[in-house]
Amino acid sequence: MLDIKFIRENPGLVKAGIKNKNEKDTVDQILELDKKRREIIRATEELKAKRNKVSQEIGKLKKSGEDASEIIAEMKTVSDEIKSLDDELRRVNEKLNELLMWVPNLPHESVPVGLSEADNVEVRKWIPEDFSFEKDFEYLDHVELGKKLGILDFERGAKISGSGFPVYLGKGAMLERALINFMLNYHIQKHGYKEVLTPFLVNADSMKGTGQLPKMQEDMYFCEKDNLYPIPTAEVPITNLHRNEILSEEELPLKYVGFSACFRREAGSYGKESKGFLRVHQFNKVEMVKFVKPEDSYNALEALVKDAEDILKELKIPYRVIMLATGDLSFAAAKCYDLETWSPAEEKWLEASSCSNFESFQARRANIRFRRKNNKKPEFLHTLNGSGLATSRLMVSILENYQTPEGKVIVPKVLQPYTGFNVIG
RNA sequence: GGAGGGGUGGCAGAGUGGUUGAAUGCGGCGGUCUUGAAAACCGUUGAGGUGUUACAGCCUCCGGGGGUUCGAAUCCCUCCCCCUCCGCCA
């Protein structure tokens, strides 16, 4: 959510940001409602001040046994006026809030302007020393290979749940578990994150806090009986850990890392990019979340990306870092880097991580503040998060990049202590 | 799921219709005293909105929402959460 004061004072900036993000511009409507809101507040507060004053007098009169029926009758009409003004105010506020909830975060000035993926900018690329893009044999894609090795079973997953719910078997399941543990330990030990294991079902307030609601309603699962949403990412519960809290300056920055299963309906996404792991309804992910002071957030973003990159370097998987253009940014993000890993079977780069700075957008929605040592007034802090990383996409990278001409898969060295074996097949 | 109890400021804990945004204690901050510290004493110490150049002023908030009333932390409705006991259960 954007600050209504900021919108009031910088309507042009806000409109430009909305346009660059290709979202709906409701600024004029918002400003009009804001004006109306303040008019009502002014009128209602004047009446309330009167009511408070006279009510006290009535109290005094009654105490001394005098008759107050005349003033009481007069106050009755004042009270009615207040009530109707309050009703109107409530309606205006609801409408205003609803509109504000749909206003996207504004892109940071360093983000390339452009409406499509084509405007994204490659920032850097990392290729392992002995790696070659030249194929010396025909790579099997992860679906075929997984099936052949008996470590992935998409058909049975479809039987027990539906398409997009993969089953991991034997060494596949062990590799998945190894990946999760490796990444968690790495971020904890090398990058100083604190592990947190949060619920996989959250309430609507949490979803609003991080910005999934109201916009992404259709992309999420929902348990109607209990009003709970299966999380699309651990970002939601972890960021909401501190919802409605005021942290102290010394506590910052807070760095959390957590594992979760992620659930996504992704309505209307059938088609090309849906083979195997490329698009699933349930997958596993290790997520990093940071709470930082506003002046630190852009450095924190760079560090966050590096933290995710370190995992890929340790796994020796070729990747590139992409800075998303304004139009490709998510609703809540001000700036975002994607990490894409190389798929030798598909012969293209596939997104494996997304690292974003949300500035105060989520903090304002979720009411997460901090207080500076020498300053009384609490301020909204900045939140960031990044996948560190999604195992489903990593599984694709590992199975494909580490396959041998004989159709086996070598386990990346750093994972071997976790799997207890060094080859699959 | 059933029965009962409870949600008040950073924490503990008063307050059941009329200057109560809220006693008191602890904690925090500032000061006096002290060579320094402790103790003691004095003062101060929530958030949001509106408004102002900035103050002031005013309004709202005692789990959330709604209602009754001239007036609500206090009464009513509803939802949420916590605790105790019982049932069920990995």
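Figured I'd write up the structure that's included with this text.

**Regarding the overall build of chain A**
Here is step 1 of the chain: A tally of regular secondary structure across chain A gives 13 helices and 17 strands.
Here is step 2 of the chain: In terms of its C-alpha atoms, chain A occupies a principal-axis envelope of roughly 100 × 45 × 45 Å.
Here is step 3 of the chain: The 425 residues of chain A split such that 49% are buried.
Here is step 4 of the chain: Contacts in chain A between residues at least 24 apart in sequence constitute 74% of all its contacts with a sequence separation of at least 6.
Here is step 5 of the chain: A total accessible area of about 21,300 Å² is found for chain A, and carbon and sulfur atoms account for 48% of it.
Here is step 6 of the chain: In chain A, 64 side chains carry a positive charge and 67 a negative one; their mean positions are 3 Å apart.

**Here we look at the packing of helix H7 (residues 171-191) against helix H10 (residues 297-315)**
Helix packing for two helices is described by the angle between their axes and how far apart those axes are.
Here is step 1 of the chain: In the contact formed by H7 and H10, the axes pass within 11 Å of each other and the chain directions differ by 125 degrees. Between H7 and H10, the interaxial angle falls into the category oblique. The two elements H7 and H10 cross, and the hand of that crossing is right-handed. Contacts between H7 and H10 involve Leu179, Phe182, Met183, Tyr186, His187 and His191 on the former and, on the latter, Asp307, Asp310, Ile311, Glu314 and Leu315.
Here is step 2 of the chain: Of the residues that constitute the contact of H7 with H10, the class distribution is six nonpolar, two polar and three charged.

Rules used throughout
- Residues numbered from 1 in each chain as written.
- Chains lettered and ligands numbered in written order.
- Predicted model: local features only at pLDDT ≥ 70, side-chain atom pairs only at ≥ 80, totals over all residues.
- Heavy atoms only, no water.
- Helix = DSSP H or I, 4+ residues; strand = E, 2+ residues; numbered from the N terminus.
- Buried < 20%, exposed > 50% of the residue type's maximum accessible area, 1.4 Å probe, protein only.
- Contact = heavy atoms within 4.5 Å.
- Areas by Shrake-Rupley, 256 points an atom, 1.4 Å probe, with all protein chains shown as cover.
- Lys, Arg positive; Asp, Glu negative; His and termini not counted.
- Charge placed at Lys NZ, Arg CZ, Asp CG, Glu CD.
- Axes fitted to C-alpha atoms, helices over the stretch in contact; angles between N-to-C directions.
- Parallel < 35°, antiparallel > 145°, perpendicular 65-115°, else oblique.
- Left-handed = near helix turned anticlockwise from the far one by under 90°.
- Nonpolar A, V, L, I, M, F, W, Y, C, P; charged D, E, K, R; others polar.

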